[in-house]
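Listed below, chain by chain, are the residues.
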Amino acid sequence: MMWKTCSVRLMAIFTLLMSSPLIADDLSAFDKMSGQLNIAGGTAHIPVMKKAARHIMGNNPDIRITIAGGGSGVGVQQVANGLVDIGNTGRALKNKEMNLGLNSFAFAIDGVAVIIHPDNPVDDLSQQQIIAIYQGKITNWREVGGHDRRIHLFSRDEASGTRSVFSKKLLKGAPLAANANIVPSNGAMKTAVSQDVAAIGYSSVGYIDEMVKAPTYNQIKPSQEACASGEYPVVRRLYMNTKGTPEGLTQAFIDYIYSKQGAQLIQASGYIALDAKP
């Protein structure tokens, strides 16, 4: 009876290990490594980077990984100046940035969507309505089917890759109203909108949860599935950028993001993993 009980327990442990996303093979590259890896830039990347860092450092205490935001422009600037090992961007490098000796690694597809307070009754916004709101031409929620409240605009700073995609693909280059409140990150945007029933902002689809509401856009729900199929059009790629060819711990981290386990972390963060390095 004791042997049978032990066998059942061992089988349960084996099954758990085999079904766990933390299969050791993808982390084995870090076994004999040590040192520090510094990452900064696009804030949409942070959930994926943090999950990966926790798994890597949990497997190897001799490795230290720091992660900071700042936006895509900061990511490019810091990696180009050698201040970080990986600079994240929520957009492709601009022409002037391509002359900085950077290598780009696209690893995920993300959508950018309008977000409002969960108590706002507006369920759908057309592109024309969103453009008019962000230009300051529509200033009250009743004009788009909501309550009689003045619209409070929230946006990101010019270094933001999320703003770049939102402005280019959703606003079609239309200028933003000067009275928009500027917030520094996707997380800060979600917090600001969740605390203001009259607010409208925009964020990475991966950040949308019960704290905020994402109205449909031209009757299309901004979801992972819609982003992957192309039905939802406001999408972008997320990039890791390095100065020159990555080596050592930097290369191992990038390889891990492209591994099967990395794909699971990307999916768990609300994004769509790309199959392989570009």
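The shown structure was predicted, so the numbers you read here are calculated from the model rather than taken from an experiment.

### Some points on the pairing of strand β3 (residues 86-89)
Point 1. Of the two faces of β3, both are covered, the one formed by I86 and N88 as well as the one formed by G87 and T89.
Point 2. Judged from the three bridges that link them, strand β1 (residues 35-41) and β3 form a sheet pairing that is parallel. Across the sheet, G41 pairs through a bridge with N88, a residue of β3.
Point 3. As paired elements, β3 and strand β10 (residues 235-243) share three bridges and run antiparallel to each other. Residue T89 lies in a different strand from β10, and its bridge partner there is Y239.

### Some words on unusual backbone geometry
With the exception of glycine, the majority of residues adopt a negative phi angle, and the majority of peptide bonds are in the trans configuration.
Point 1. Look at K172: it is not a glycine, yet its phi comes out positive at around 55°.
Point 2. Phi at N218 takes a positive value of approximately 55°, unusual for a residue other than glycine.
Point 3. Residue classification places N218 among the partly exposed residues on the basis of a relative accessible area of 34%.

### Observations regarding the packing of aromatic side chains
Aromatic ring pairs are defined here through the distance separating the ring centres and the angle between the ring planes.
Point 1. A full pass over the atoms with the stated rule returns five aromatic pairs.
Point 2. Relative to F166, the ring of Y134 lies with its centre 5.1 Å away and its plane at 70°, an arrangement referred to as edge-to-face. With Y134 in helix α4 (residues 127-134) and F166 in helix α5 (residues 161-170), this pair connects stretches of sequence that are 32 residues apart. For the pair formed by Y134 and F166, the shared burial category is buried.
Point 3. Ring geometry for F166 against Y202: centres 3.8 Å apart, planes inclined by 5°, an arrangement best described as stacked.

The rules behind these values
- Residues numbered from 1 in each chain as written.
- Predicted model: local features only at pLDDT ≥ 70, side-chain atom pairs only at ≥ 80, totals over all residues.
- Heavy atoms only, no water.
- Buried < 20%, exposed > 50% of the residue type's maximum accessible area, 1.4 Å probe, protein only.
- Helix = DSSP H or I, 4+ residues; strand = E, 2+ residues; numbered from the N terminus.
- Pairing = 2+ DSSP bridges.
- Phe/Tyr/Trp six-rings, centres within 6.5 Å; stacked < 30°, edge-to-face > 60°.

Nothing here speaks to function; it is all geometry.
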